[in-house]
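Chain and residue survey
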Amino acid sequence: MKKKSAEKKRHVVAWVNKAEWDQVLEYLYSKDSALQRYALQRVSAWRGRYANSTPVAVDCTADLVRCQVLDRSGQLDGDDLVLLYGAALVRFVNLITERQQGRTARPLRRLAGNLNIPEWVVDLRHDFTHRKLPTLKWCRKGCKVVLEWLQQEYWSRQLGGGPSEDWESQSDVEDEEVELKRQEDELIARQKEMEAYKNARELLISFEKEQFQAFDGHPEGEEKGLWPAPFADMSWLLGEIKQFALESSDLLIDVLLEDGFLVPTVEQLETLGCDTTDSASPPEHRIPPTFLRFWLPLLKMLNSPSFIHLLLEKLFVELKLLAKEQNNHRAFYIPAWISEVILCNSNKFEYHFETKGQKKARMKERIFVNRIQLRWQQLLTACLDAPCISTPHLLQLILDDMEHPLPLETRQRLLQLCSIYTQTTHSEFEAPPQSKHQPIYTLESLHEKLQHSKRRSHPRHSTGESEMSESSQPDVQVEKARLLRGSPWQICTDKVWWKNYPLGKVPGQSDDPSCLMVENYSTMTVFDQPVDLESSATHNVPGASAPVRTSEGLLWNHGDVNKLKSGLQLF
């Protein structure tokens, strides 16, 4: 093995020995034109022996030295010399940078910079090929600099007998190769991602087509939206989607959350006979039943805990983006899907009055039946990071369904803060214990306590029904009177047209201000009032009793003020 590696390092050279090499190098860089001509003749002999494999650096050096020899001879005028120098410099830049060009073209300035070739030399080459010819002075300067570069990067490195054209920096070449490899890998990855995205859309569009065909093929007597069992084609399609989800569930969810899939278009809703308006209030954000049944076959197949949790996370990310986009249609369906998934996972919504058949039918309309161990802390953080009008309702669902719930007071305060931040009403949330015993000062606080009291006595009645029937229930007035016990307010049972009375005036009140005086009262002096010792002590400083003289005369001192107070009485 050592013999083979040694043989690989051998090179067939055109010079007789190292002495000839040293002589040619010395003569090429000599100031004597005669010696340079001799060196050029020897290089011509080397070219004959090398045929087409002459080292590039040797060729370029000979071309540039020939320009200097002809320049000193005075046989050519300035324009001819410019063209001669130009041809040599263009060949140098092209041949030296040629080896660094890969399969994709790269700028010459960048390649020359990797080889420590001055940028202005590349600009000279550009001027020769594309612009006005440079002056002879710049041509001579470029020739001198390039010859110095060749001597340093090639000739001075040939200590042995074999030529080595590895003057370029190996580390730079390796860096270029690594960069090219990275770019190629990124391009391949992007192409694969685009192909996977295209496949995901095609699979989901095929699923939608099958579902719409099944919906349109229903007999008129049967209820629309109750799809039959999947056909063979649908079963095969669901299997393909499941396999895709195993490989790239992240991408599949991204496509599902695009418009036209889990967020339906108006045309899709009209085809399914669903309401196309998004007028429901946030707590009522629920997926239309027909649209939910439309996606149930697919979602039931993808209901693994990891997929469900990833779906919830991405739904909250979309909800956060909606704060900037202001898309009302998406703002309805994104929180509605979050609510649907969390409600499916909850065991607190049991209906004890329903029959077995009703319970079985309800279970069929759930994405999953068995409870999933979700990462509640992450979902709680994601929910709080997406503040919008639906956040308090979603936060309530999460707090109610957590495996290890937070303390009651913490939940209540969190809900109140969320409602304040999102500027939504929090009347549907239970008030903190300490607020239940606070006195009523405003009409709003009376309504809040009244609603809280009615929810405790009738938990299954909706708020809307209670408000509609409020005026017709005789017990409401009694409940209001009970809540106002100990309050400075009372319920007015008389039928009074309050719009006829200005603010601050009641029926039967006289216009005489003296009627506001109370009949029974007691008096007390100012000195009998409770005094804040700390605040009064700050005024009892030395010298405070001394009169204070100003430009307007003497002001009252502390003793004078005490005399004035002693004559005052409070009612």
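Residues numbered from 1 in each chain as written. Predicted model: local features only at pLDDT ≥ 70, side-chain atom pairs only at ≥ 80, totals over all residues. Heavy atoms only, no water.

**Observations regarding the pattern of salt bridges**
To keep things clear, this is the line we draw: Any carboxyl oxygen of Asp or Glu that lies within 4 Å of a side-chain nitrogen of Lys or Arg is treated as forming a salt bridge with it. Secondary structure elements are defined from DSSP: runs of H or I of at least 4 residues count as helices, runs of E of at least 2 residues count as strands, and each element is numbered from the N terminus. Relative accessibility decides the category of a residue: with a 1.4 Å probe and only protein chains considered, values under 20% of the type maximum give buried, values over 50% give exposed, and everything between is partly exposed.
Applying the stated rule across the entire model yields 17 salt bridges. Between Asp-59 and Arg-47 there is a salt bridge; the shortest N-O distance is 2.6 Å. Of the two residues, Asp-59 is situated in helix α4 (residues 56–73) and Arg-47 in helix α3 (residues 33–50); the sequence distance between them amounts to twelve residues. Residues Glu-186 and Arg-182 are paired through a salt bridge, measuring 2.3 Å at the closest nitrogen-oxygen approach. One end of the pair, Glu-186, and the other, Arg-182, are both in helix α9 (residues 170–216), four residues apart, so they sit about a helical turn from each other. Taking relative accessible area as the criterion, Glu-186 reaches 34% and is therefore assigned partly exposed. With a relative accessible area of 38%, Arg-182 lands in the partly exposed category.

**Focus on the packing of helix α16 (residues 376–384) against helix α17 (residues 391–401)**
Quick reminder of the rule: The axes are straight lines fitted to the C-alpha atoms, using for helices just the contacting stretch, and the angles between their N-to-C directions are given from 0 to 180°. Any angle from 65 to 115 degrees is called roughly perpendicular, while one under 35 is roughly parallel, one over 145 is roughly antiparallel, and all others are oblique. Crossings are classed by handedness, with left-handed meaning an anticlockwise turn of the near helix from the far one by less than a right angle and right-handed meaning a clockwise turn. What makes two residues a contact is simply this: any of their non-hydrogen atoms within 4.5 Å. Following the grouping adopted for this structure description, the nonpolar residues are Ala, Val, Leu, Ile, Met, Phe, Trp, Tyr, Cys and Pro, the charged ones are Asp, Glu, Lys and Arg, and the polar ones are all others, Gly among them.
Orientation of α16 relative to α17, taken along the N-to-C sense of each, is 165°, at an axis distance of 10 Å. Relative to α17, the element α16 is oriented roughly antiparallel. For the pair α16 and α17, the sense of crossing is left-handed. Taken together, the residues of α17 that come into contact with α16 (itself represented by Trp-376, Leu-379, Leu-380, Cys-383 and Leu-384) are Thr-391, Leu-394, Leu-395, Ile-398, Leu-399 and Asp-401. Across the contact of α16 with α17, the residue classes tally to nine nonpolar, one polar and one charged.

**Topic: helix α22 (residues 475–483)**
The condition that has to hold: What the arc describes is the spread of directions from the helix axis to the C-beta atoms.
Every buried residue of α22 is listed here: Val-476, Glu-479, Lys-480 and Leu-483. Take α22 and look down its axis: the buried residues cluster within an arc of 100°, on one side only.

**A closer look at the nonpolar core**
Definition in use: For the purposes of this section, nonpolar cores are sets of buried Ala, Val, Leu, Ile, Met, Phe, Trp, Tyr and Cys residues that join through side-chain atoms within 4.5 Å.
Of all hydrophobic cores here, the largest spans 73 residues; its most connected members are Ile-241, Leu-252, Trp-295, Leu-298 and Trp-337. Ranked by residue count, the leading element in this core is helix α10 (residues 232–256), at eleven residues. Not counting residues up to four positions away in its chain, the partners in contact with Leu-252 are Ala-200, Leu-204, Ile-241, Phe-244, Ala-245, Leu-302 and Phe-307. Counting residues in hydrophobic clusters, the runner-up holds 46 residues, among them Val-24, Ile-96, Leu-115 and Cys-139.

**Examining the environment of Ser-248**
Relative to the assigned elements, Ser-248 resides in helix α10. Judged by its relative accessible area of 23%, Ser-248 falls in the partly exposed class.

**Comments concerning a nonpolar patch on the surface**
The condition is simple: Within this analysis, patches are made of residues with over 30% relative accessible area and no salt bridge. Like charges are joined at 9 Å or less; nonpolar side chains (Val, Leu, Ile, Met, Phe, Trp, Tyr) at 5 Å or less. Accessible surface area values rest on a Shrake-Rupley calculation with a 1.4 Å probe, where residue burial reflects the displayed protein chains alone.
The grouping of Trp-498, Tyr-501 and Val-506 at the surface amounts to a nonpolar patch, some 280 Å² of accessible area in total. Inspection of the secondary structure puts Tyr-501 in the loop between α22 and β1 (524–525).

**Digging into the confidence of the model for the protein chain**
The condition is simple: Per residue, pLDDT captures the predictor's confidence, and it can take any value from 0 to 100.
Here the protein chain averages 76 in pLDDT, while 71% of its residues score no lower than 70. For the stretch residues 160–172, pLDDT sits under 50, and the model shows 32 contacts to residues farther than four places along the chain or on other chains.

**Comments concerning the side chain of Asp-63**
Along the polypeptide, Asp-63 turns up in helix α4. Not counting residues within four places of it along the chain, the set of residues in contact with Asp-63 comprises Arg-47, Ala-88 and Arg-91.

**Digging into helix α8 (residues 136–153)**
The following threshold applies: Helix span, as expected, comes to 1.5 Å for every residue beyond the first.
In this model α8 runs 26 Å from its N-terminal to its C-terminal C-alpha over 18 residues, within 8% of the 26 Å that 1.5 Å per residue would give. When α8 is considered as a whole, its buried residues turn out to be Leu-136, Cys-139, Gly-142, Cys-143, Val-146, Leu-147, Trp-149, Leu-150 and Glu-153. For α8, the buried positions fall inside an angular range of 160° around the axis, keeping them on one side. Exposed residues pointing more than 90 degrees away from the buried face of α8 are listed as Lys-137, Lys-144 and Gln-152. Against α4, α5 (78–98) and α7 (119–130) lie the buried residues of α8.

**Structural notes on the side chain of Thr-422**
Stated formally: Pairing of N or O atoms within 3.5 Å defines a polar contact, subject to two protein rules: one partner must be a possible hydrogen donor and the other a possible acceptor, and residues neighboring in sequence count only if both atoms are side-chain atoms.
Residue placement: Thr-422 occurs in helix α18 (residues 408–422). Given a relative accessible area of 15%, Thr-422 falls into the buried group. Among the polar contacts made by the side chain of Thr-422, one reaches the main-chain carbonyl oxygen of Ser-419 at a distance of 3.5 Å. Look past the residues within four positions of Thr-422 in its chain and what remains in contact with it is Pro-387, Cys-388, Thr-391 and Pro-392.

**So, the packing of α4 against α8**
Two elements in contact, α4 and α8, have axes whose closest approach is 10 Å; the angle formed by their N-to-C orientations is 145°. In the packing of α4 onto α8, the handedness of the crossing is left-handed. Across the interface between the two elements, Ala-57, Cys-60, Thr-61, Leu-64, Val-65, Gln-68 and Asp-71 from α4 touch Arg-140, Cys-143, Val-146, Leu-147 and Leu-150 from α8. Among the residues making up the contact of α4 with α8, the classes are represented as eight nonpolar, two polar and two charged.

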